[in-house]
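Okay, here's what each chain looks like letter by letter:
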Amino acid sequence: MNVEFKYVEDIILEKIGPVCPEFDVCNGNPYVFTLMRPQFCATFKYDDINGPVICDETFNQLCEDLIKKAKYENVDVLITPEYCIPLNIITKIITDTSESLKPNLGKIWCLCCQGTKYYDFIQYLDKFEELGAKVIRLAVENASAKNFINALIYVFMLTDGSICILPQLKTCPSADRELLCEEMGMSTGKIIYKFGKGQSNQLCTIICADALNLLYISLNEIINGNENIILLHPQLNEKPRNSTFCGFKNKLYDRIECDSLIYITINWAYGTKLIHRNNPNAEDMALHIMNPWSCIYVKDKVNKWMEQERDLRKQNYKKGLGFGYFNRYKLKVWYCIKNEIIHLLTIKKPKLNGPNVAEPKYDVIVNKAYIKDNQGYLIEKDYISDNNNLQALINIREDELDYNFPLKADKEDRDKFFGTCLGDLEIGQLSIGDNEICNIVSIHIDDECEEQRLKSIDNFNKLVELLKTGKLVELIERGEITSGMKNLACSHMFSLEDCVFNVVPKDNNIRAKAIVSYVPYEPDAKKISYKMREIADDIENELNKDIIYELLNSEGRENELRKLITKTYVSIITQKMGSTQIISYSGYKPEITSSDRVLDGTSIIMR
């Protein structure tokens, strides 16, 4: 079954006439487009006759209010997750006399509709035409018909003032080994539409398991004619990190032609459930969304995101959009929290037409975040509470003033702090692996990431235990850490200074600070100690440069000036391979000292 990619502009000209608008999302100017993306939570009933359906009037009200918000905000693109919109909402859009539901000219509603019996869907299309809409049936007419339809319906205004209804059907059923739903009953399409022929940017949508259909959906077709693609991927997906879905994305970004591609996934929120219509209590026939992983992927072209986008990360996170970095493909990944949330976003377009000096600074900005109330209406929220369950997981009480820093710090400082404690720094905490599992400790993302997070928290708790039980002093007495650190080891507290030092003195008269990490694998600890030592030395030199200058050019004040010097230390604690012995690396190269775990004593600062 070959899948064809067709331009919307060509189809409208052929089927209706020269009434196709220019779509704002596809223009090169303005430089940004606005996107409204809900991550809803709902309970579905499904079978192989009707497909997945939500039987809830409150949810219908929520969908209608979503579209009204999109219209009020004049968004360029509204996209919903798969199987979201009841078809009677499309009827309301067409018959809307208040103009509160219809998209403005140049805007696109991408509405993934709930499962509908095949012949009922045809009757809906007939009704839409009777109500005055221009309906393009090409995808339905070319489908392999079965029991029900899974349709994405594009809704937009034509230049003659009429509404265009353009269905696109899913081309490949989702995994359904028990043959309970899509594999047995879903009609499959053969057409995928692209918007923006001849324009600077193009918009294209694939529906969930279309990504599995790589035999027929060629990546060349997605980028054919224009490499500046905005690719939408709505899903009802229990396993969005499945290797096949990750592989689809990786194949895209493995190609230089896709360096400008913006890839946006839209899934259902944590708590979404599908139950079988005829066996509602059969848990083995139920599907649960636990790990939504709704993301926006943008290629990082300048590698300056760490500092330049710090304020952006803070602001986006306050509104429920987290950040990670996928180093293998140099991707900035903006992910939704797992709970139900609706975002209004501003996103920089792949290709911009205009002067570079006017180019927007940021790729993805959350303008507004909404949650729903009990009546099915959206409420704007200035702040979305994070999934911070740290207090229940780390072995620190809130009243332990010496160690409670991570319980009171904001997320950015927690990321830096845990990065030091675990030896991977802030960039390690923000990194995402090839399996799209996040390394971050400071927040709970979802259940799939939690296993890795709990391992890291175990290592952090080990560090806390070692510090509380005086292990630093013991290591100093064994000669594994320089004796100069003893005052700090005896009177220390957790904090964050100079973005990397996590152990500082309680006594202000002690002019010292340290990087203290626990890394369970000794070879890793040794490598990390060198990196941390370089960082500590650079900061120490900067902190003390004025004093050192005076020290080198003064006579008779050496002892007085030495007391003003701030000393920095590194202790990467680990377990000696093949034993249970706790040891420490301080980051000095073997060729400089007699032991690569003992501090050199020849520095002018250390004397």
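Our structure's up above, just so we're on the same page.
Reference entry: report on the structure contained in this document. (Residues numbered from 1 in each chain as written. Predicted model: local features only at pLDDT ≥ 70, side-chain atom pairs only at ≥ 80, totals over all residues. Heavy atoms only, no water.)

Some details on the pattern of salt bridges
Rule in force here: Salt bridges are identified by distance alone: a Lys or Arg side-chain nitrogen within 4 Å of an Asp or Glu carboxyl oxygen. Put simply, DSSP marks the helices as runs of H or I at least four residues long and the strands as runs of E at least two long, and each gets a number from the N terminus on. Buried means the residue's accessible area, taken with a 1.4 Å probe over protein chains only, is under 20% of the maximum for its type, while exposed means over 50%, and partly exposed covers the values in between.
Counting across every chain of the model gives 45 salt bridges. In this structure, arginine 277 and aspartate 47 form a salt bridge, with 3.1 Å as the shortest nitrogen-oxygen distance. A residue pair is termed long-range when its members are at least 10 positions apart, and arginine 277 in the loop between β15 (273–276) and β16 (287–288) and aspartate 47 in the loop between β3 (43–46) and α2 (57–72) qualify at 230 residues. What makes arginine 277 partly exposed here is its relative accessible area of 30%. Since its relative accessible area comes to 6%, aspartate 47 is described here as buried. One salt bridge connects lysine 348 with aspartate 363, and the closest N-O pair in it is separated by 3.6 Å. Taken together, the residues lysine 348 in strand β20 (residues 341–348) and aspartate 363 in the loop between β20 and β21 (364–372) connect sequence positions 15 residues apart. On the accessibility criterion, lysine 348 (13% relative accessible area) is buried. Several salt bridges converge on common partners, so that one network encompasses Glu307, Arg310, Arg313, Glu412 and Glu426.

A short note on the sheet that holds β16
Definition in use: Strand pairing requires that DSSP identify at least two bridges connecting the strands.
Strands sit in the order β3-β15-β16 across an open sheet of three strands; the sheet is mixed. Strands at the two margins of the open sheet, each flanked by one partner only, are β3 and β16. Relative to β16, β15 is paired through two bridges, and the arrangement is antiparallel. Opposite leucine 274, over in β16, you have leucine 287 as the bridge partner.

Some details on the pairing of β15
As paired strands, β3 and β15 are joined by four bridges and run parallel to one another. Looking at the pairing, tyrosine 46 lines up with histidine 276 of β15.

Some details on unusual backbone geometry
Residue proline 30 is bonded to the preceding asparagine 29 through a cis peptide linkage, with omega at 10 degrees. Here proline 30 is to be found in the loop between α1 (8–15) and β2 (32–39). Located in the positive-phi region is tryptophan 293, a residue other than glycine, with phi close to 50 degrees. Of note, tryptophan 293 is situated in the loop between β16 and β17 (295–299). One non-glycine residue, lysine 330, adopts positive backbone phi at about 55 degrees. Topologically, lysine 330 is positioned in the loop between β18 (321–326) and β19 (331–336).

Re the packing of helix α13 (residues 411–422) against helix α15 (residues 447–468)
Formally: Here an axis means a line fitted to C-alpha atoms, over the contact stretch when the element is a helix, while the angle between two N-to-C directions is reported on a 0 to 180 degree scale. Roughly parallel refers to an angle under 35 degrees, roughly antiparallel to one over 145, roughly perpendicular to one between 65 and 115, and oblique to any angle outside these ranges. Any two residues whose heavy atoms approach within 4.5 Å at even a single point are treated as in contact. Three categories are distinguished: nonpolar for Ala, Val, Leu, Ile, Met, Phe, Trp, Tyr, Cys and Pro, charged for Asp, Glu, Lys and Arg, and polar for the others, with Gly belonging to the last.
Two elements in contact, α13 and α15, have axes whose closest approach is 10 Å; the angle formed by their N-to-C orientations is 75 degrees. Of the possible angle classes, the one that applies to α13 and α15 is roughly perpendicular. For the pair formed by α13 and α15, the contact residues are Phe417, Phe418, Cys421 and Leu422 on the first element and Ser456, Asn459, Phe460 and Leu463 on the second. Class assignment for the residues of the contact of α13 with α15 results in six nonpolar, two polar and no charged.

Quick look at the environment of isoleucine 440
Within the fold, isoleucine 440 resides in the loop between α14 (425–429) and α15. In this structure, the C-alpha to C-alpha distance between isoleucine 440 and arginine 414, residues 26 residues apart in sequence, is 9.7 Å. With sequence-adjacent residues up to four places away left out, isoleucine 440 is seen in contact with Tyr335, Lys411, Asp415, Gln429, Leu430, Ile445 and Arg453.

Some details on the packing of aromatic side chains
Just so we agree on the cut-off: Here a Phe, Tyr or Trp ring, Trp counted by its six-membered ring, pairs with any other such ring whose centre lies within 6.5 Å, and the pair is stacked when the planes are under 30 degrees apart, edge-to-face when over 60, and tilted otherwise.
Applying the stated criterion across every chain, the model contains 23 aromatic pairs. With centroids separated by 5.5 Å and ring planes inclined at 80 degrees, the aromatic side chains of phenylalanine 40 and phenylalanine 59 adopt a geometry described as edge-to-face. Here the residue phenylalanine 40 occupies a position in the loop between β2 and β3, and phenylalanine 59 occupies one in helix α2, the gap between them amounting to 19 residues. Overall, phenylalanine 40 belongs to the buried group, its relative accessible area being 0%. According to the relative accessible area criterion, phenylalanine 59 is buried, its value standing at 4%.

Some remarks on the pairing of strand β13 (residues 229–234)
We apply this condition: Handedness of a crossover is defined as follows: with both strands directed away from the viewer, a clockwise route from the first strand across the helix to the second makes it right-handed.
The buried fraction of β13 amounts to six of the six residues, a majority that puts the element mostly inside the structure. Because side chains alternate across β13, one face comprises the buried residues Ile229, Leu231 and His233, and the other comprises Ile230, Leu232 and Pro234, equally buried. Bridge count between strand β12 (residues 202–205) and β13: four bridges; the pairing is parallel. Counterpart to glutamine 202 in the pairing with β13 is isoleucine 229. Two elements, β13 and strand β14 (residues 262–266), share five bridges in a ladder whose sense is parallel. Looking at β14, one finds that proline 234 is bridged to isoleucine 266. Read as a crossover between parallel neighbours, the route from β13 over helix α8 (residues 243–253) to β14 is right-handed.

Points about the nonpolar core
Let me state the cut-off plainly: Working definition of a nonpolar core: buried Ala, Val, Leu, Ile, Met, Phe, Trp, Tyr and Cys residues. They are joined through side-chain atoms within 4.5 Å.
Residues Ile90, Phe156, Ile165, Tyr193, Phe195, Ile264 and Trp268 are the most contacted members of the largest nonpolar core, which totals 143 residues. The element best represented in this core is strand β9 (residues 151–157), accounting for seven residues. The contacts of isoleucine 90, once residues within four sequence positions are left out, are Ile85, Leu111, Cys113, Phe128, Ile153, Val155 and Ile165. Core analysis: the next-biggest nonpolar cluster, separate from the first, contains 36 residues, Tyr403, Leu466, Leu472 and Ala512 among them.

Focus: the side chain of lysine 513
Convention followed: Two N or O atoms count as a polar contact when they lie within 3.5 Å, although within protein this holds only if one can serve as hydrogen donor and the other as acceptor, and sequence-adjacent residues are included solely when both atoms are side-chain atoms.
Summarising the element assignment, lysine 513 is placed in strand β25 (residues 512–521). Lysine 513 sits in the buried class, given a relative accessible area of 9%. At 2.8 Å, the side chain of lysine 513 and the side chain of aspartate 498 are in polar contact. Beyond its immediate stretch of four places on either side in the chain, lysine 513 contacts Leu488, Glu497, Asp498, Phe501, Val503, Val504, Leu543, Thr566, Lys567, Thr568 and Tyr569.

Regarding α8
Across the 11 residues that make up α8, a large majority, eight, are buried. Among the residues of α8, Phe245, Cys246, Gly247, Phe248, Lys249, Asn250, Leu252 and Tyr253 are the ones counted as buried. Of the residues that open α8, the one with a side-chain oxygen 2.8 Å from the backbone nitrogen of threonine 244 is asparagine 242.

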